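Summary of structural features
As a plain string of letters, each chain reads:
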Amino acid sequence: MTDPKEIQQRAVQTIRFLAADGVQNANSGHPGLPMGTAAMAYTIWTRHLHFNPQNPQWANRDRFVLSGGHGSMLLYSLLHLTGFAVSLDDLMHFRQWGSITPGHPEVGQTPGVEVTTGPLGQGFANGVGMALAEAHLAATFNTPENPIIDHYVYAIVTDGDLMEGVTAEAASLAGHLQLGKLIYLYDDNRISIDGSTELSFTEDRGARFQAYGWQVLHVEDGNDVEALDQAIQAAKADPRPSLIICRTHIGYGLPTRQDTSKAHGEPPGDEELNAAKSRVGWPEEPRFFIPEDVLAHFRQALERGAQWEKAWNQQFAAYKKQDPQKAAELQRRLQGELPAGWDQDLPVFPADPKGMATRAASGKVLNALAARLPELVSGSADLTPSNNTWLANTHAIQPGAYDGRYVHYGVREHAMGSILNGITLHKGLIALGGTFLVFADYNRPAIRLSALSHLPTIWLFTHDSIGLGEDGPTHQPVEQLAALRAIPNLNVIRPADANETAEAWAAAIRRRNGPTLLALTRQNVPTLDRERFSSASGLHRGAYVLADLGDMAPQIILMASGSEVSLIIEAGEQLAAEGYGVRLVSFPSWELFEAQDSDYQKHVLPRNIEPRLAVEAGIKMGWERYTGQKGAVVSIDTFGASAPAKKLFEEYGLTAANVVTQAHQLLGFIEN
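Predicted model, so just to flag it, every value in this text is computed and none were measured.

Focus on the sheet that holds strand β9 (residues 376–380)
As a general point, the strands of a sheet are linked pairwise by backbone hydrogen bonds and lie either parallel or antiparallel. Pairing is parallel across the open sheet formed by six strands, whose spatial order is β10-β9-β11-β12-β14-β13. Unpaired on one side and paired on the other, β10 (406–408) and β13 (491–493) mark the two borders of the sheet. Between one strand axis and the next, the sheet turns through 20° on average, direction left out of account. Pairing of β9 with β10 involves three bridges; the strand directions are parallel. Paired with S380 across the bridge in β10 is H408.

In structure tokens:
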């Protein structure tokens, strides 16, 4: 009979060399992390991680995050070995066109991959979001007899992860919230790309995490499966999040590259890799060698996973019998289905020349939605009164009060964005977070990953222009809209008034295959009279004709987004009074407009109307695609200044009078 310890040792070597073979075969990748953390991964995946390879989306599975996503061959090897739909051929096509084993893990591309990682620190913070979602759903749905939501978030994190600032923010919040289902194993190999971590990273990491409120454990030998197992058991027994600091060796086993920066991101080379295999009696050929008994050992995960899910299904059946309404609600949420009538109470705002700020309208719409969408969880980076993100009739999530629906993220924009993505990835909740638009720069990595991962995260940014006034150029966004519109698969919506804001929220909730960003004003904007102008439902098409003014067919198109729509209306009315035909176009979302068919686009922007003027309180970049060669843009292509909003708009030419002047020039009535 085979000695279990001997099989265990060969299983760890199998992970190690499968990963290294994948990197060498691709002649590209990062062998160091997988070779150094193979025992850590083995211990998590065979002794603690609850999952079902035949159903990667089983609701109560534990989540595994490889935050150091550059070590992706570690994860792909585990997925293949434990029976997920990742074949040996997939491992052989690591980093190749069309493969399901890309250079860094991508959720939705590979069965069993929970999160897109690689930008360091993001996975760490995503895991915090997953644990937060688990805590909220458990507090909301569990009963003493049936703790139907009960799972852990495990991660392997690296020196690079811990250096990133987003990690500090996320760890601080996780410690405050006492998210005890977080168990992170730290690959303490003390090597970075530049060399030893002594060059730049010398603080006491354990003391730092203890100060955050984490339990900190140490494993002196990262290859000691029994010590790793005991540490994970201790982590499970503690109500705090846990960081297990594991002393490891990057590129473990490589004769000349172990413990050097060369092991990080370079293929080992045939000679070096064969020497590593030879030292432990591993066959040099064939590559991707998996002993039959080792594969059988790993594939026990299929039976274990099926049993775990079967037991959970039985528990859920008892839960459903106990409380069928609650069970149906949980199922609906986990499946991402919106409840019937979720949009029935959207407010309709009466016409009002004074109007209101779109951030204020957003707060009213958000609370109307929250009453019908109990899965909606809001939050802000310490700007709750400014962002209008508070949900009435609930309380904030705090230790012991995880059933709340509001997250006080503190001044932690970076972590908020990544945590929002983690909440969304977990499933069962609709997550949104707010800050000022200028601080979208702090959120950008997370926004980009939400778009790349097709996550329906909702980003709410207020104070969307120089209209915020006296705080000055440090807080006045000018280039942010253009930069955000450049992100593929991100819908940026800048509504013109309160009713467009309501429609923007409906669009954001309805969209389930990608993120939506709302850019909202601090200052009041008129609520348009929809008896005179087209319905705000036109927002869903990205751009729509508000009205054609004058007695003639349109000679010029005035288009704008957000607060500047009221300017083009005022200017358009003056031009119409002068006898010109004017088309007014509200243009809240380029992305929604680009999704329309060409007939609709030509209807809104007829090709025969060449004089076109766009107006936006931001840089002009991008508007030329809609204004054309004979058009122009009234924009702000410099930083703002500290002054009242009205004065700023006057000084920067965002006035109806200047719009009229620019329109006259396009129409050829004033010499340039």
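So, the UniProt feature "binding site: Mg(2+)" (unreviewed entry) in the protein
Using the residue numbers shown here, the UniProt feature "binding site: Mg(2+)" (unreviewed entry) corresponds to D159, N189 and I191. These residues run over 33 residues, yet every pair of their C-alpha atoms falls within 7.8 Å of each other. Within the secondary structure, N189 sits in the loop between β3 (182–188) and β4 (191–192). Judged by its relative accessible area of 7%, N189 is buried. Here N189 is in contact with D159, R247, T248, H249 and I250, once residues within four sequence places are set aside. Tracing the sequence through the fold places I191 in strand β4. Apart from the residues lying within four places of it in its own chain, the contact partners of I191 are D159, S196, T197, I250, D259, T260 and S261.

Concerning the pattern of salt bridges
What the rule picks out here adds up to 30 salt bridges. A salt bridge links D150 to K181; the nearest nitrogen and oxygen atoms lie 2.7 Å apart. You can see D150 sitting in the loop between α5 (122–141) and β2 (153–158) and its partner K181 sitting in the loop between α7 (165–177) and β3, a full 31 residues away along the chain. Look at D150 and you get partly exposed, because its relative accessible area is 39%. D343 is the salt-bridge partner of R510, the closest N and O atoms lying 3.4 Å from each other. Residue R510 is found in helix α20 (residues 498–510), and its partner D343 is found in the loop between α14 (324–334) and β8 (352–357); the two are separated by 167 residues along the sequence. Classification of D343 by relative accessible area gives partly exposed; the value is 31%.

Some details on the packing of α5 against α14
Between α5 and α14, whose axes approach to 11 Å, the crossing angle comes to 160°. One element, α5, and the other, α14, form an angle in the roughly antiparallel class. Where α5 crosses over α14, the two elements pack in a sense that is right-handed. Residues H136, L137, T140 and F141 of α5 lie in contact with α14, whose contacting residues are K326, E329, L330, R333 and L334. Per-class residue counts for the contact of α5 with α14 are four nonpolar, two polar and three charged.

About the criteria used
Residues numbered from 1 in each chain as written. Predicted model: local features only at pLDDT ≥ 70, side-chain atom pairs only at ≥ 80, totals over all residues. Heavy atoms only, no water. Pairing = 2+ DSSP bridges. Helix = DSSP H or I, 4+ residues; strand = E, 2+ residues; numbered from the N terminus. Axes fitted to C-alpha atoms, helices over the stretch in contact; angles between N-to-C directions. UniProt positions renumbered as here; feature names shortened; annotations may be inferred. Buried < 20%, exposed > 50% of the residue type's maximum accessible area, 1.4 Å probe, protein only. Contact = heavy atoms within 4.5 Å. Salt bridge = Lys/Arg side-chain N within 4 Å of Asp/Glu carboxyl O. Parallel < 35°, antiparallel > 145°, perpendicular 65-115°, else oblique. Left-handed = near helix turned anticlockwise from the far one by under 90°. Nonpolar A, V, L, I, M, F, W, Y, C, P; charged D, E, K, R; others polar.

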